[in-house]
Amino acid sequence: MDIKQAVTSSLAPSDFLVDAFLADMTPAELLARPCNGANHIAWQVGHLIASERYLVDKVAPNKMPPLPAGFAEKHNKQTAGIDDPKSFLAKEEYLRLKKEVRAATLKVVSELSPEDFDRPITGGIPPFLKTAGEVLLFLGSHWIMHAGQWSVTRRSLGRAPLF
């Protein structure tokens with residue numbers, strides 16, 4: 001397996017888990033918080049979409065599609081406490097954007113040379129990510145980390161575990 005295959009393979013489980021956890025969630029449930037201070041799923045999905053686009057743009061500038069105007073700002077740390085449904089998108093729109101951004105991510109991965117994955121990436125990224133390859137390999141685990149939180153939300157709503 002080469003680095004392109006490894007990155008692509010690392011994204012597949014996150015797609016599976018995210019799709020499974022969101023499949024039966026209602027709009028109201030996407031705004032549920034399992035406890036005080038926890039972020040709701042709608043905000044987290046928007047955060048993840050904006051983060052993936054931002055991080056891949058750091059790897060390959062100007063290769064990612066734009067997000068709707070104001071999208072990233074609506075899903076930043078300052079907006080995490082908002083519960084107004086009007087401040088968030090419909091689940092279908094989040095899923096469409098997730099799919100669009102992921103397709104663009106996979107296109108970027110396919111177009112990089114093996115040497116590109118070793119290129120240092122700095123500025124505005126988590127400090128534990130040092131290279132383009134590390135940034136790209138982080139994307140799937142970022143989604144999975146949040147999906148693990150959704151498992152708690154689902155349980156707090158009375159849903160049985162999926163896995």
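Preceding this section is the structure that the text describes.
What counts and how
- Residues numbered from 1 in each chain as written.
- Predicted model: local features only at pLDDT ≥ 70, side-chain atom pairs only at ≥ 80, totals over all residues.
- Heavy atoms only, no water.
- Salt bridge = Lys/Arg side-chain N within 4 Å of Asp/Glu carboxyl O.
- Helix = DSSP H or I, 4+ residues; strand = E, 2+ residues; numbered from the N terminus.
- Axes fitted to C-alpha atoms, helices over the stretch in contact; angles between N-to-C directions.
- Parallel < 35°, antiparallel > 145°, perpendicular 65-115°, else oblique.
- Left-handed = near helix turned anticlockwise from the far one by under 90°.
- Contact = heavy atoms within 4.5 Å.
- Nonpolar A, V, L, I, M, F, W, Y, C, P; charged D, E, K, R; others polar.
- Buried < 20%, exposed > 50% of the residue type's maximum accessible area, 1.4 Å probe, protein only.
- Phe/Tyr/Trp six-rings, centres within 6.5 Å; stacked < 30°, edge-to-face > 60°.
- Core = buried A, V, L, I, M, F, W, Y, C linked by side-chain atoms within 4.5 Å.

Is there a simple way to think about the pattern of salt bridges in this case?
Here the idea is simple: oppositely charged side chains can pair when their charged atoms come close. The tally for this structure, following the rule as stated, stands at 12 salt bridges. With a closest N to O distance of 3.4 Å, Asp-19 and Lys-98 form a salt bridge. One end of the pair, Asp-19, is in helix H1 (residues 3–22); the other, Lys-98, is in helix H5 (residues 91–111), and 79 residues separate them in sequence. Measuring nitrogen to oxygen at the nearest pair gives 2.9 Å for the salt bridge that ties Asp-24 to Arg-159. Linking Asp-24 in the loop between H1 and helix H2 (27–30) with Arg-159 in the segment after helix H6 (132–156), this pair joins segments that are 135 residues apart in sequence. Overlapping salt bridges, with partners in common, bring together Asp-15, Asp-19, Glu-52, Lys-98 and Arg-102 in one network.

So what exactly am I meant to see when it comes to the packing of H1 against H6 here?
Helix-helix packing is described using two parameters, namely the angle between the two axes and the distance between the axes. Interaxial distance between H1 and H6 falls to 8 Å at its minimum, and their mutual angle equals 15°. The orientation of H1 relative to H6 falls into the category roughly parallel. The handedness of the crossing between H1 and H6 comes out as left-handed. Contacts between H1 and H6 involve Ile-3, Ala-6, Val-7, Ser-10, Leu-11, Pro-13, Ser-14, Leu-17, Val-18, Ala-20, Phe-21 and Leu-22 from the first element and Leu-136, Leu-137, Leu-139, Gly-140, Trp-143, Ile-144, Ala-147, Trp-150, Ser-151 and Arg-154 from the second. Of the residues assigned to the contact of H1 with H6, the class counts are 17 nonpolar, 4 polar and 1 charged.

Got a minute to help me understand the environment of Ala-90 in this structure?
Here Ala-90 lies in the loop between helix H4 (71–74) and H5. The exposure class assigned to Ala-90 is partly exposed, which follows from its relative accessible area of 44%. Sequence separation between Ala-90 and Lys-63 is 27 residues; the distance between their C-alpha atoms is 26 Å.

Whenever I open this one, the packing of aromatic side chains confuses me. Can you help?
Two descriptors summarise a pair of aromatic rings, namely the distance from one centre to the other and the angle between the planes of the rings. Summed over the entire model, instances satisfying the criterion amount to 4 aromatic pairs. A centroid spacing of 6.2 Å and a plane angle of 65° characterise the contact between Phe-71 and Tyr-94, whose relative ring orientation is edge-to-face. Note that Phe-71 is positioned in helix H4 and Tyr-94 in helix H5, a separation of 23 residues in sequence. A centroid spacing of 5.6 Å and a plane angle of 70° characterise the contact between Phe-128 and Phe-138, whose relative ring orientation is edge-to-face. Here Phe-128, found in the loop between H5 and H6, pairs with Phe-138, found in helix H6; they are 10 residues apart in sequence, far enough to count as distant.

I would appreciate a short explanation of the nonpolar core in the present structure.
Nonpolar side chains tend toward joint burial in soluble globular proteins. Residues Ile-49, Leu-136 and Trp-150 are the most contacted members of the largest nonpolar core, which totals 43 residues. Of all the elements in the fold, those that place two or more residues in this core are H1, helix H3 (41–59), H5 and H6. Per-element tally for this core: the top contributor is H3, with 10 residues. Those residues in contact with Trp-150 that lie beyond four places of it in its chain are Val-18, Phe-21, Leu-22, Ile-41, Gln-44, Val-45, Leu-48 and Trp-143.

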